[in-house]
Structures are given as structure tokens and as C-alpha cells.
Amino acid sequence: MRVIIKNNYNDCSQWAAHYVAYKIKAFRPTAKKPFVLGLPTGSTPLGMYKALIEMYQQGKLSFENVVTFNMDEYIGLDADHPQSYHYYMQENFFKHINIPKANIHMLNGMTKDYTKECELYEQSIKNYGKIHLFIGGVGEDGHIAFNEPGSSLSSRTRVKTLTQDTIVANSRFFDNDTSKVPHTVLTVGIGTVMDAEEVLIMGTGNKKARAIHHAIEGSINHMWPISILQMHQHGIILCDEEATRELRADTVCYFKDIEKQKF
């Protein structure tokens, strides 16, 4: 596991954006051989998306031959709903770059057949071979996408019922009214994420410190889904100083020293 520790959220966002750009450019994608990118929503990746948009606008990066798969979507929210992840991605990223609409893949929260929708999503990923880089955030309880504590570490794309803690946490996007938050979602599985060639998980702020501790120093445990990243051959944890508060001092020094040796 590679652990990147930056000073603050802004530094993490810049690092993530430049890493995504580096991976896309190094891949030299074409229409027949696109770079496949897994993407998250939420507050954590907003800085990264802003930086990527700036790179595109400056002519430094193209998304013409990039294919994307998003992590999840609320059940019952259509694509135009202000709190749907379709809307989030369109407003915060897709409409600002040159990615072809046909290259964007998102779960349909309005589908009538959840099982078929999830199976088709998994098949769509397989049709491209694999996701080259899957980016995600981590919840305070260690969840990845909507794979909350207790989720199978080999799970695939499926329907999930949200815990009350997640509903309360997400109510900040719904006028702080928990009754407005959908209680079920469609989400990629932990196994789906782990199938990616490379996985980059971001966690910033002191509220994520416990999750970062379990991700790096804890045992692999389905009650802390983020801990499965220890099993990935190319897993990266990107965090800021605040998020390292529950790590041992020698752990922090070790990973900082390794990164210094790379330059």
C-alpha cells in the first residue's frame, strides 16, 4: 500500500488531479483503447474535479478517449434531481470537459429492475476489460461507495439499504431533513472496486482519522471496508495531516520517508 500524506485538503486535491492526469497521459488512450476511470461523488473529490477542469481548459488534458464508471446512485432520484449523482457529476465535472456522453456510465436509480441494472453495470465494466484507476472517498465509518460496515469484502454491484448514520450524514445535502434522504441505493461492490488495476482512496479532515487508522494499521475486517485496500497490489491512500491523527507517529514517518526517497 502506498500512503500519501499532504498538508491539507487543497494539497490532496491537487495531488489527486495531477495523478489522474499523469495516468491518462501515460496510457495514451485512443478511441479503440480508452482509459477507464472509476469516479466518486460527495464533498471530498470536488477539489480534484475543479483542478482537472482547469487542466482541460488550459489545454493540458483531454477526456476525449476516457471512459468513466461512477460508484453509486440513489434509488428513486431521476437524473435531473439536484441531489442525484447524475446531476452532481454533470454540474461538477462532465459538462465542463470534453468527455463524450457515450463514454459516461452511471447506475440508473429509476430502473424497475435493480438486479438487471446491476448485472448490466458489471458486464459493461468487463466489456472494457477493467477499470484502470478507481478513485473513491472513505466515510467516517470506513465505507467505500455505499459499502457500509458489514458489507461483504467480495461484494458486487447491488442494492444496499443505508444505515441511519449514513442517512443522517447525507441529510446535509437534503436541507438537513433525514426524511428526504433515500434509504436505498445502487452501488458498486467492494469486489468491483478491488478488480480495478489501481485504487486511490481519499480521506481528509480529522473526522476521517479513525477510518484512515483502520485502513492502514488495522486488521482486514468487513466492519471497516476500507481495510480491504491492504490486499490490493496497487492501492493508494491519500490523506491530509488531520486525517493521520490516530496513526502511530512511526507509521506517519515511515510513509513520509518513502515518498521523499522517490524524488
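Please refer to the structure placed before this passage.
To keep things clear, this report deals only with the structure shown in the data block. (Residues numbered from 1 in each chain as written. Predicted model: local features only at pLDDT ≥ 70, side-chain atom pairs only at ≥ 80, totals over all residues. Heavy atoms only, no water.)

1. Description of the overall build of the protein chain
On a plain count of helices and strands, the protein chain comes out with eight helices and 10 strands. Computed over its C-alpha atoms, the radius of gyration of the protein chain comes to 18 Å, within 12% of the 18 Å expected for a compact globule of 263 residues. With respect to the three principal axes, the spread of C-alpha positions in the protein chain is 50 × 45 × 35 Å. Looking at the protein chain as a whole, 52% of its 263 residues qualify as buried. Intrachain contacts of the protein chain at a sequence separation of at least 6 include 79% that bridge at least 24 residues. Per element, the accessible surface of the protein chain, about 12,500 Å² overall, is 48% carbon and sulfur. For the protein chain, the centre of its 28 positive side-chain charges and the centre of its 29 negative side-chain charges are spaced 6 Å apart. (Helix = DSSP H or I, 4+ residues; strand = E, 2+ residues; numbered from the N terminus. Rg over C-alpha atoms; globule rule 2.2 N^0.38 Å. Buried < 20%, exposed > 50% of the residue type's maximum accessible area, 1.4 Å probe, protein only. Contact = heavy atoms within 4.5 Å. Areas by Shrake-Rupley, 256 points an atom, 1.4 Å probe, with all protein chains shown as cover. Lys, Arg positive; Asp, Glu negative; His and termini not counted. Charge placed at Lys NZ, Arg CZ, Asp CG, Glu CD.)

2. Things to note about the sheet that holds strand 1 (residues 2–6)
Spatial strand order, 1-10-9-6-2-3-5: seven strands in an open sheet with parallel pairing. Among the strands making up the open sheet, the edge pair consists of strand 1 and strand 5 (104–105). Across five bridges, strand 1 lies against strand 10 (residues 235–240) in parallel orientation. Across the sheet, residue V3 finds its bridge partner in strand 10, namely I237. Seen against the sheet, helix 1 (residues 9–27) touches strand 1, strand 2 (35–39), strand 3 (66–70), strand 6 (133–137), strand 9 (199–203) and strand 10 and runs at an angle of roughly 150° to strand 10. (Pairing = 2+ DSSP bridges. Axes fitted to C-alpha atoms, helices over the stretch in contact; angles between N-to-C directions.)

3. Notes on the packing of helix 2 (residues 46–57) against helix 3 (residues 85–92)
At a closest axis distance of 10 Å, the pairing of helix 2 and helix 3 adopts a crossing angle of 40°. By the criterion of interaxial angle, the relationship of helix 2 to helix 3 is oblique. Here helix 2 contributes L46, Y49 and I53 to the contact with helix 3, which in turn contributes Y88, M89 and N92. Across the contact of helix 2 with helix 3, the residue classes break down as five nonpolar, one polar and no charged. (Parallel < 35°, antiparallel > 145°, perpendicular 65-115°, else oblique. Nonpolar A, V, L, I, M, F, W, Y, C, P; charged D, E, K, R; others polar.)

4. Structural notes on helix 8 (residues 249–261)
Taking 1.5 Å as the rise per residue, helix 8 with 13 residues should run 18 Å; its terminal C-alpha atoms sit 19 Å apart, in good agreement. Those residues of helix 8 lying buried are T251, V252, F255 and E259. Along helix 8, the residues classed as buried sweep out an arc of 100° about the axis, all on the same side. Summarising the geometry of helix 8, the exposed residues directed more than 90 degrees from the buried face are A249, D250, C253, K260 and Q261. Buried residues in helix 8 make contact with strand 1 and helix 7 (209–216). (Expected span 1.5 Å × (residues − 1). Arc of directions from axis to C-beta.)

5. Topic: the side chain of K208
As for its position among the elements, K208 is in the loop between strand 9 and helix 7. Within the buried core, K208 has no salt-bridge partner, and the shortest N-O distance to an opposite charge, that of E140, equals 6.4 Å. (Salt bridge = Lys/Arg side-chain N within 4 Å of Asp/Glu carboxyl O.)

6. Some details on the pattern of salt bridges
With the rule as written, the count across this model stands at 10 salt bridges. E91 serves as the salt-bridge partner of K95, at 2.9 Å between the closest nitrogen and oxygen. One salt bridge in this structure joins K180 and D175, with 3.0 Å as the shortest N-O distance. Look at K180 and you get partly exposed, because its relative accessible area is 45%. Each of E122, R156 and D195 takes part in one network of salt bridges that share partners.

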